[in-house]
Amino acid sequence: MLQDVVEYLVCPHCGQGLAAGPGGGALRCPQRHTFDVARQGYVSLLPGDAHTGTGDTAAMVAARDAFLSAGHYAPVAEALAAAAPADARCVVDLGAGTGHYLAAVLDALPEAHGIALDISKFALRRAARSHPRAGAVVCDAWRPLPIRDDAADLVINVFAPRNGPELRRVLRLGGTLLTITPTPRHLAELVRELGLLGVDGRKEERLAATLGPYLESAGSSEHDFTLLLDHEAVRTVVGMGPSAWHTDPAALAERIAALPEPVPVTASVTLSRFTKVPLAR
């Protein structure tokens, strides 16, 4: 619920705190900037010149919701929940999508509240309903985040963009960032057979370069497991990811039809931990 997390939010125009207006249908700052709460429960805190063309489409969100709800990536959610600090009270999910992983973390932290941040309103319609202690906010990960300085005890980031300076700003000193990134083995069988986009072999190197100047690495662990996917699940996992923008539907359908059923597929991710420490002078 937005009312549970509004104390952590700030106005995207002036940076001042927000409060719920009469009836809870809008959020307002002291400068009278006003943001209507959508009937689905989320609020947009995008500045007026923001562009949302990079957000997941309704079809991509529906595919992601179906795939995650089927439990295919349950080991990823379990790993995140197990790694979450027990004393975290404010959890921010940057690039939250449907709120699936945020909900798993909140289930493990019964005293915490969560904020789902994403640029896709289609995703946040679902994220707003993902957990009783979660609020959903439309924002751009590459712009200043509408979160107070030092507000978050924990930030999670799963297959999503990472803004190093803003992650440092919103994390409290000693706070934790947990990231999930795919390894080159992730969905390798589908990449090979269906001509999908592969994972950059230097992804971990780029992650360190993005976050290293702002947060201190606290270790990582790899998590590999095997999925047994029928053809419908294969179509769903392709449709929920970046390959959805780059595949020809007819050619893809033909290639999926040629796969065995079920098809064994490797899921392989790295869970990385970072913490906010004082910067060296």
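Residues numbered from 1 in each chain as written. Predicted model: local features only at pLDDT ≥ 70, side-chain atom pairs only at ≥ 80, totals over all residues. Heavy atoms only, no water.

A look at unusual backbone geometry
Glycine aside, the phi torsion of most residues is negative, and most peptide linkages are trans. Cis geometry is adopted by the peptide bond preceding P262, which originates at E261 and carries an omega value of 0 degrees. For P262, the position within the fold is in the loop between α10 (249-257) and β11 (263-275). Positive phi, close to 70 degrees, is recorded for R32, a residue that is not glycine. For R32, the position within the fold is in the loop between β2 (26-28) and β3 (34-36). One non-glycine residue, L187, adopts positive backbone phi at about 55 degrees. Following the sequence through the fold, L187 ends up in the loop between β9 (171-182) and α7 (188-194). Residue class for L187 comes out buried when judged on its relative accessible area of 12%. (Helix = DSSP H or I, 4+ residues; strand = E, 2+ residues; numbered from the N terminus. Buried < 20%, exposed > 50% of the residue type's maximum accessible area, 1.4 Å probe, protein only.)

Considering the UniProt feature "domain: 23S rRNA (guanine(745)-N(1))-methyltransferase N-terminal" (unreviewed entry) in the protein chain
Under the UniProt annotation, "domain: 23S rRNA (guanine(745)-N(1))-methyltransferase N-terminal" (unreviewed entry) lies at residues 10-47. Secondary structure across residues 10-47 divides into 0% helix and 26% strand, with the first and last C-alpha atoms of the span separated by 12 Å. (UniProt positions renumbered as here; feature names shortened; annotations may be inferred.)

Considering the sheet that holds strand β8 (residues 152-158)
An order of β4-β7-β6-β5-β8-β9-β11-β10 is seen for the 8 strands of this open sheet, with the pairing classed as mixed. In this open sheet, the two strands that pair with only one neighbour each are β4 (43-44) and β10 (216-229). One ladder, built from 6 bridges, connects β8 with β9; its direction is parallel. Considered in β9, the bridge of V158 is made with I180. (Pairing = 2+ DSSP bridges.)

Comments concerning the pairing of β11
Within β11, 10 of the 13 residues are buried, which leaves it mostly tucked inside the rest of the structure. Bridging between β9 and β11 involves 7 bridges; their strand directions are antiparallel. If you follow L178 over to β11, its bridge partner there is R273. Bridge analysis of β10 against β11 gives 12 bridges, and the strand direction is antiparallel. When the bridges of β11 are listed, S220 appears paired with S272.

Re helix α9 (residues 231-239)
Every buried residue of α9 is accounted for by H231, A233, V234, T236, V237 and V238. On the buried face of α9, the contacting elements are α2 (58-69), α7, β10, α10 and β11. By the N-cap criterion, in which a side-chain oxygen at the helix start approaches the backbone nitrogen of a residue two or three places on, α9 is capped by D230, the distance to E232 being 3.2 Å. (Contact = heavy atoms within 4.5 Å. Polar contact = N/O pair within 3.5 Å; in protein donor to acceptor, adjacent residues only side chain to side chain.)

Side note on the pattern of salt bridges
Scanning all chains against the criterion turns up 10 salt bridges. Ionic pairing is found between D224 and R185, a salt bridge with its closest N-O pair at 3.0 Å. On the criterion of sequence distance, the pair formed by D224 in strand β10 and R185 in the loop between β9 and α7 is long-range, its members being 39 residues apart. In the salt-bridge network here, residues are joined through shared partners; they are D149, E166 and R169. (Salt bridge = Lys/Arg side-chain N within 4 Å of Asp/Glu carboxyl O.)

Comments concerning the packing of aromatic side chains
Under the counting rule described, the total for this entry stands at 2 aromatic pairs. Between F67 and Y73, the aromatic rings sit 5.2 Å apart at their centres with planes inclined by 80 degrees, giving edge-to-face as the arrangement. Centroid distance Y73 to F159: 6.3 Å. Interplanar angle 50 degrees. Geometry classified as tilted. On the criterion of sequence distance, the pair formed by Y73 in the loop between α2 and α3 (74-83) and F159 in the loop between β8 and α6 (164-170) is long-range, its members being 86 residues apart. With a relative accessible area of 36%, F159 lands in the partly exposed category. Aromatic rings pair up to connect F67, Y73 and F159 into one cluster. (Phe/Tyr/Trp six-rings, centres within 6.5 Å; stacked < 30°, edge-to-face > 60°.)

Here's the deal with the sheet that holds β3
As summarised here, the arrangement of the 3 strands in space is β1-β2-β3, forming an open sheet in which the pairing is antiparallel. A single partner strand is all that each edge strand has here, and the edge strands are β1 (19-20) and β3. Bridging between β1 and β2 involves 2 bridges; their strand directions are antiparallel. Residue pairing for β2: A20 is matched across the bridge by L27.

Some remarks on the state of the cysteines
Overall, the coordinates contain 0 disulfides when judged by the stated rule. The structure places no disulfide on C11, whose sulfur is separated from the nearest cysteine sulfur, that of C14, by 3.7 Å. By relative accessible area, which is 3% here, C11 ends up buried. In this structure C139 is not part of a disulfide, and its nearest cysteine sulfur, from C90, lies 13 Å away. Of the residues examined, C139 reaches a relative accessible area of 4% and is grouped as buried. (Disulfide = S-S within 2.5 Å.)

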